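One-letter residues, chain by chain:
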Amino acid sequence: MKKNYLVLIAFIFTVSFSILQAQTIHYVKENGAGTKDGTSWVNASDDIQAMINTSAANDQVWVATGSYRPNRRADNISTISSSTDRFVSFLLKKDVKLYGGFVGTETTLVERSLTLSANKTILNGGDINGLGRIFNVIISSGDVGSARLDGFTIFGGTLGNPYSTNQVNGNEISSMDGSGMYNHTSSPTIANCIFYGNFSINGGGMYNYNSSPTIINSTFYGDIADSDGDEIYNESSSPKIYNSIVWGTIFNNSSTPEIKNSIIKGSNNTTDGNIDATTLTDATLFKDPANGDYSLKAGGIAVNTGSNTLYTNTGGNLTTDVDAIGNKRVFQSTIDIGAYESQKAIITPDANNILYVNKTATGEAIGSSWENAIPELADVLVWAQNNKADFTTTPLQIWVAGGTYKPMYSPEDGANFGTDQGRSNSFLMVNNVQLYGGFAGTETLLTDRDLSVTANKTTLSGDFGTADVVTGFGESLSITENETNAAHVIVSAGNVGTALLDGFTITGGNANISGGILTVNGISIQVYTGGGGMHNNSSSPKITNTNFIANSSDSGGGMGNQSSSPNISNSTFSRNLGSGMLNQGASPIITNTSFIENNGSDGGGIANFDSSSPTIKNSIFSKNAAGRGGAIFNYTNSSPIIINSTFSENSTFGSYGDAMQNDDASNPKIYNSIVWGDIRNSSSTTTEIKNSIVKGSNDVTNGNIDATNLALLKIFNDAANGDYSLNPSILNTAINAGDNAL
């Protein structure tokens, strides 16, 4: 009997819970349809308030595009008022959610008019057909629980004349304040809404008294208060304003609003993701404000700078929700600020398959010209990765104007790709995509580019937080304030075809994250191993005219190569911590490249492990420092070939080869080179040296030159200032002393 009793209780509880959770949708169209009972779109009501009144907790009211005027007073909500009554308002009800932005055929929220650009659902307090403007378009009074207003435009409210107050749910509502919306002791959620063209004494767009509404992804503009708070007036209130644009004043009376990831006109607050608005104008923020279009300017500062987390934490759904005019709420990977989601035009390369990137561009951000350049390289690379199949025949070129660009998204395969994953964000080298930096932003030919102009310097930086502090060089090199930096500024994984990196400065990477593994293009990458500046894994891009400066890692601060053979030319690795380059089972080709003032435990300039045998030509190693192998350290069958290169003023922390240390069956070859430093070989290694000068060596076999009577100042023209051309006094010794065949 007891068992049956418990079963009965469980059954009753289950049924009761189901009833409590039941959700009914009520449908509204501008002129109604069918029986107008609101049970379907076919029988849609034309009365929003009637549908709110009939709703139970958790019900939803779906409102199709159109213009709707309230028809009942909030203090007598069950009775339809005279058409000339200006005290009518829409009144929110506890736990009832209102959604606008429908065409009128949808069966799920996700279908809400994702492609219609003019799909406004307007709650209209304006003077329609001479009926006069309404005093409070919307009222929320008392406890409204999870009530939500989502996807509406609130327009046309005006101050009450003559002044009066209404008692609504036990609270006094003034007709003089909050013409757009009046909240009294009430905290609804307002999402994807637009407030404009409302006028009152205080709080033209919204008045909050003892209330804490959550305002998410909404836009306020063009509202007017005769006294204070054109857009919002807060009295003894703590509203939450997230991902929103308030393009006018907010007045706080004994109030402390919480504002995050928002733009407040005239505010310089940049904490909690807010954006400095002191230099913004209508024209830089909105698409066409002169003609009343306050949707976002394509590529503008409000695009992709909201917080997805804030939106979902306040009840939003990034998959099903739409913006105030029915467009998809998240167009790319990050939500925009404000009620409108920028539906950026499809990125379109020019006729020569070139895309243009410029941090300061103000055009349409489609990338087809400098005028319409895309502001962020990260956005372009996400698009390129998603469209890489299109570049098999003709490589895509991306021309990037001078400026500093940061990796905004994760390169990881799967759900994280193209999303902000903090320190795991990296720029991604894409198959057959060629990156060119160093442009002024006016060039029409690649040959017009002038890399010597400082203003054209194009920097890819992993410095996300406080600016890095870089001091000293070589043995004294120190990099601090980089704890929050990207682990790898750039990643290249797998076959990247003709991918190219040309004309950039790579800085601020810090590969010190312990234990993290990312899968990129099917390749597993350990984010803490090598390549703070650039990490290449089973990948061999071409890199030229690029500087790797002030990156850090336990090894390979500037670049980490695993099973890769990138072709590197005319580049510089300078002041990287953890060595300039780490090669593990990698044999890059390095030409006309300088390794200067780097610091590492092994190989200040380059550390070669696990059968790494790079070919190094016409390159310079100077003032690098390491525990072993000041310039180069070779270990485990690593045998680089070094041709026509110069080593000078490198050092070790002990006596382990200030120029080079070779261990464990590593047998490098040095031809036609000057090695002004010590080469140390373990018992299992040999170094083949031909037609070269080695400090202190009297070996004259194989074309080598006796260096016992030479000195640093005698060999180089001006080593102190980095000029390692030959001093005229040694020309008779070194000139024509190389071997062309080598």
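Structure: above.
Note that the structure is predicted; figures quoted are calculated from it, not measured. (Residues numbered from 1 in each chain as written. Predicted model: local features only at pLDDT ≥ 70, side-chain atom pairs only at ≥ 80, totals over all residues. Heavy atoms only, no water.)

## Re the overall build of the protein
Thought 1: Helix and strand counts for the protein stand at seven helices and 70 strands.
Thought 2: The buried share of the protein, reckoned over its 742 residues, is 56%.
Thought 3: Across the protein, contacts joining residues at least 24 apart in sequence account for 63% of those joining residues at least 6 apart.
Thought 4: Carbon together with sulfur atoms contributes 49% to the accessible area of the protein, which is approximately 28500 Å² in total.
Thought 5: The protein carries 39 positive and 64 negative side-chain charges, and their two centres are separated by 5 Å. (Helix = DSSP H or I, 4+ residues; strand = E, 2+ residues; numbered from the N terminus. Buried < 20%, exposed > 50% of the residue type's maximum accessible area, 1.4 Å probe, protein only. Contact = heavy atoms within 4.5 Å. Areas by Shrake-Rupley, 256 points an atom, 1.4 Å probe, with all protein chains shown as cover. Lys, Arg positive; Asp, Glu negative; His and termini not counted. Charge placed at Lys NZ, Arg CZ, Asp CG, Glu CD.)

## Digging into the pairing of strand β58 (residues 625-628)
The side chains of a regular strand alternate between both faces of the sheet.
Thought 1: In this sheet, β58 lies alongside strand β54 (residues 599-602) in parallel orientation, the contact comprising three bridges. Note on β58: the bridge partner recorded for Asn 599 is Ala 625.
Thought 2: Judged from the two bridges that link them, β58 and strand β62 (residues 651-652) form a sheet pairing that is parallel. If you follow Ala 626 over to β62, its bridge partner there is Thr 652. (Pairing = 2+ DSSP bridges.)

## Notes on the packing of aromatic side chains
Thought 1: Under the counting rule described, the total for this entry stands at 27 aromatic pairs.
Thought 2: A centroid spacing of 3.7 Å and a plane angle of 15° characterise the contact between Tyr 221 and Tyr 294, whose relative ring orientation is stacked. Residue Tyr 221 is located in strand β20 (residues 219-221), and its partner Tyr 294 is located in strand β29 (residues 293-296); the two are separated by 73 residues in the primary sequence.
Thought 3: Among the aromatic residues, those joined into a ring-pair cluster are Phe 155, Tyr 196, Tyr 221, Trp 247, Phe 286 and Tyr 294.
Thought 4: Over the ring of Phe 439 we find Arg 449; its NZ or CZ atom is 5.7 Å from the centre of that ring. (Phe/Tyr/Trp six-rings, centres within 6.5 Å; stacked < 30°, edge-to-face > 60°. Lys NZ or Arg CZ within 6 Å of the ring centre and 35° of its normal.)

## A word on the sheet that holds strand β19 (residues 214-216)
Thought 1: Here eight strands make up an open sheet; going across it, the order is β1-β2-β7-β10-β15-β19-β23-β26 and the pairing parallel. Only two strands of the sheet have a single partner each, and these edge strands are β1 (25-28) and β26 (258-260). Adjacent strand axes in the sheet meet at a mean angle of 10°, parallel and antiparallel pairs treated alike.
Thought 2: In this structure, strand β7 (residues 97-102) lies alongside strand β10 (residues 148-150), joined through three bridges in parallel fashion. Bridge assignment links Tyr 99 to a residue of β10, and that residue is Asp 150. (Axes fitted to C-alpha atoms, helices over the stretch in contact; angles between N-to-C directions.)

## Focus on the side chain of Gln 60
Thought 1: Within the element layout of this structure, Gln 60 appears in strand β2 (residues 60-64).
Thought 2: Of the polar contacts made by the side chain of Gln 60, one reaches the side chain of Trp 62; its length is 2.8 Å.
Thought 3: Those residues in contact with Gln 60, other than ones at most four positions away along the chain, are Gln 23, Thr 24, Ile 25, His 26, Lys 97, Tyr 99 and Leu 109. (Polar contact = N/O pair within 3.5 Å; in protein donor to acceptor, adjacent residues only side chain to side chain.)

## Considering the sheet that holds strand β27 (residues 263-264)
Thought 1: If you walk across this open sheet you meet the seven strands as β3-β8-β11-β16-β20-β24-β27, and the pairing is parallel. Strands at the two margins of the open sheet, each flanked by one partner only, are β3 (66-68) and β27.

## Let's talk about unusual backbone geometry
Thought 1: One non-glycine residue, Asn 58, lies in positive phi territory at about 75°.
Thought 2: Tracing the backbone through its elements, the reader meets Asn 58 in the loop between α2 (48-54) and β2.

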